[in-house]
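Remarks on the overall topology
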Amino acid sequence: MKITLDFLKKINLSLLKEKRKVDTTITSLKSQDPFSDPDRLNDNAASDTDAKEEISHERMQALEKELRLHMSEIEEALLRIKKGIYGKCLSCGKMISIERLTVKPTALYCVDCERKREKK
Ligand SMILES: [Zn+2]
């Protein structure tokens, strides 16, 4: 099956939607991070809660890192649509199947190459 313009439009739209969603999540994550609270430094009485805050800060950082990675994948996919090379496997150059792109629109490798990469 060949990738149609219609399919690309659909993927493009859902990627843009996903991008907005991730962006919103990162922003709300940052507003929840106790370390980004400017009042925190002046609050000496709350020293016994520091350990707890540390953990959530770490977790938020990890989560944010994950989200940013996802964001760069989305941006990469959008760029590939613009360049007209969307759906082409980065490794072997074959077209990635529509089924795979439907499930994972940010896929850069075909199933075979992805498997080979995972083995490494
Ligand atoms: Zn491949």
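The residue count restarts for each chain, going from 1 along the sequence in the order it is written. In keeping with the predicted nature of the model, local features appear solely for residues at pLDDT of at least 70, side-chain atom pairs appear and are counted solely at 80 or more, and the whole-chain, interface and lining totals rest on all residues.

Secondary structure follows DSSP: runs of H or I at least 4 residues long count as helices, runs of E at least 2 residues long count as strands, and numbering of each begins at the N terminus. Looking only at helices and strands, one finds four helices and zero strands in the chain. In the chain, the succession of helices and strands from N to C terminus is α-α-α-α. Within the span of the chain, comprising 120 residues, buried residues form 8% of the whole. In the chain, the share of contacts with a sequence separation of at least 24, taken over all contacts with a separation of at least 6, comes to 58%. Remark: C-beta atoms are placed from the backbone, and a residue is labelled buried if 20 or more other C-beta atoms sit within 10 Å of its own, exposed if 12 or fewer do, or partly exposed between those counts. Two residues qualify as a contact pair if the distance between their C-beta atoms, derived from the backbone, is within 7 Å.

Another point: the environment of Leu13. Relative to the assigned elements, Leu13 resides in helix H1 (residues 5-32). Along the primary structure Leu13 and Leu78 are separated by 65 residues, whereas in three dimensions their C-alpha atoms are 9.5 Å apart.

Turning next to the nonpolar core. In terms of nonpolar packing, the biggest core is built from five residues, these being Ile11, Leu15, Ile74, Ala77 and Tyr86. Elements supplying a minimum of two residues to this core: H1 and helix H2 (50-83). Other than its neighbours up to four places away in sequence, Ile11 contacts Ile81, Leu101 and Pro105. Linking buried Ala, Val, Leu, Ile, Met, Phe, Trp, Tyr and Cys residues through C-beta atoms within 7 Å yields a set, and such a set is a nonpolar core.

Bringing the environment of Met60 into the picture now. Within the secondary structure, Met60 sits in helix H2. You can call Met60 partly exposed: it has 17 C-beta atoms within 10 Å. The spatial distance from the C-alpha of Met60 to the C-alpha of Asp33 is 6.9 Å, given a sequence separation of 27 residues.

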